Amino acid sequence: MILRRIATVLGFAVVLAGVAATPAQAEPVHSGVREIVAPAEFPQGYVWKLTLRADASTTGGDTLPIDPSRLAVKLTIPAGVTYAPGEGESSGPCDLAEGVLTCTSTQQPPAGSMFTSLAFPIELRVGPDTPIGTKLPFKLTFDVEGGQEDWPNDNTRSWEITVAGSADMGIAVKDLAVAEEAVTYTVVLHNYGPQTTTKFTYHETFPVTNWHGTGVGQGASCRFTAGKNQCTVRQALAPGQETEIKRTVPIAANSKWRGTKVPVELYVYDSPSNFAGSEWFVNTINPDNDKTSYVADLTGLAPPASPSPTPSPSPSPSSTGGTAAPAPGDGGGGGGLPITGAATMPLLLGGVLLLVVGAGAVLLGRRRRS
C-alpha cells in the first residue's frame, strides 16, 4: 500500500513537472506575412524602400498574448543587392548573414491582446555594376517557433525583379498653337542616357475638367483621368535620341474654357519607373530636366454662345375663332362678359324661344276677346 501511494505521488509529480515545463507559447497561432508590392524592374543603383510586415495571434482559447521572441521575419536577398536599415519605427533589429536578413521582434503586444503586428522598414540597393537583364529573386518567410501553425501557407512570399537600363529623360513643348476649334502642340521627349530605354511615362496635369486630347507618336498611348493625362511611350530610345508626340485638344463651341487661360504642366519620369498595384515606383536621376509647362491662351476665342430663350406658348384659339373671356380681375372695360363665340348660341336660342312664346300668348288673347 505504501509503495502504491509513493508511485501515485511520483506520477502526479511527473505530470506537474511536465505541465510546468511546457511553455505557454505552445498554443496554436495564426500568422502570416503581408503582400509585397514590387515593380517589375530595378535600375542599376536603385534604392528600394519597403517595409516587411507580418501578423500573429494566439488561438485555441488562449487569452495570453503571443511571446514576441517566437517570431522572426526572414528575407532572402540575392547577390548584387545590399541592405540598410530603413526610416521609421521598427518592431526590432534585423541582421544579415549569408544572404538572409533576419528581423526579430522586441515589441510587446498591447496588454490583454492576443494579436501582434510587426513592421520592419528596410532599404535594398541594386549594385551599380549589376548586369542589365539580371534576375533578382527574393523570398520572404515568417517563422513562428513552437506550437501549431494554423495558416502555414500564408507565411511565404516570393517574387523576382529584373535589372533594367537606366535613362535620364527630359521633356519640352514646342509649336503651341491656338485655333478656333482646337489647341495643338508637340511634346518632345529626349533620352540623356546612360542606357537605352524601351518604355517611359510622362504626365500632363491641368486645373480644368477634361483637357483631353489625341496624340500622334510612335508607341504612345494615354490614359485620361480627372485632372491628369497619363501617357506611356513604348519605344526604344538610345542615349541622345528623342521622339515627338503631336497633341490636339478640341475646343467645343460651347466650351467654358473660351475666354480664359489654361495652364498645363508636363512631367516625364526617368526610366524605368512603373506602377505596381496602386504604388508608383519612381527612378529619379536628374530632376532638373523632368518638368515643363505651357499656357493655352484662349482669351481671343469667341465666348460660348448663350442659349436662346425658349418662347412662351401662345394661347390656343377657340374652335369658332372667338375671343376668350378675360380672367377675373383682368379688367374687361365694362366689367361684363361679351356674348361671343360658341357660348352665345344657347343665349340666342333662349331669346328666340321667349319671343315665340310671347307672340303666341298675344294671339291667343286676341282670339278669346273676339
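Throughout what follows, the structure given in this document is the object of discussion. Fair warning: this is a prediction, and the values are worked out from it, not measured in the lab. (Residues numbered from 1 in each chain as written. Predicted model: local features only at pLDDT ≥ 70, side-chain atom pairs only at ≥ 80, totals over all residues. Heavy atoms only, no water.)

## Looking at the overall build of the protein chain
- Check the secondary structure of the protein chain and you find two helices and 21 strands.
- Expressed as a percentage of the 370 residues in the protein chain, the buried residues total 33%.
- Counting only contacts in the protein chain whose residues sit at least 6 apart along the sequence, the fraction spanning at least 24 positions is 75%.
- In the form shown here, the protein chain has an accessible surface area of approximately 21,900 Å², with 58% of it arising from carbon and sulfur atoms. (Helix = DSSP H or I, 4+ residues; strand = E, 2+ residues; numbered from the N terminus. Buried < 20%, exposed > 50% of the residue type's maximum accessible area, 1.4 Å probe, protein only. Contact = heavy atoms within 4.5 Å. Areas by Shrake-Rupley, 256 points an atom, 1.4 Å probe, with all protein chains shown as cover.)

## Here we look at the nonpolar core
- Formed by 34 residues in total, the largest nonpolar core has its most connected members in W48, L52, L75 and L124.
- For this core, the secondary structure elements donating two or more residues are β1 (29-33), β3 (47-58), β4 (71-76), β7 (100-104), β8 (115-126), β9 (135-144) and β10 (156-164).
- Residues within four places of W48 in sequence aside, it is in contact with I36, V37, A38, P39, F42, I122, E123, L124, W159, I161 and F281. (Core = buried A, V, L, I, M, F, W, Y, C linked by side-chain atoms within 4.5 Å.)

## Details of the pattern of salt bridges
- Counted according to the given criterion, the structure contains six salt bridges.
- Measuring nitrogen to oxygen at the nearest pair gives 3.4 Å for the salt bridge that ties E35 to R157. In this pair, E35 is assigned in the loop between β1 and β2 (41-43) and R157 in strand β10, connecting sequence segments 122 residues apart.
- By relative accessible area, which is 60% here, E35 ends up exposed.
- R157 sits in the buried class, given a relative accessible area of 13%.
- A salt bridge links R258 to E180, with the nearest nitrogen and oxygen atoms 2.8 Å apart. Taken together, the positions of R258 in the loop between β17 (242-250) and β18 (261-268) and E180 in the loop between β11 (167-178) and β12 (182-194) put the pair 78 residues apart, joining distant regions of the chain.
- R258 gets classed as buried once you look at its relative accessible area, which sits at 8%.
- The class of E180 is partly exposed, set by a relative accessible area of 42%. (Salt bridge = Lys/Arg side-chain N within 4 Å of Asp/Glu carboxyl O.)

No statement about biological role is implied by the geometric values presented.
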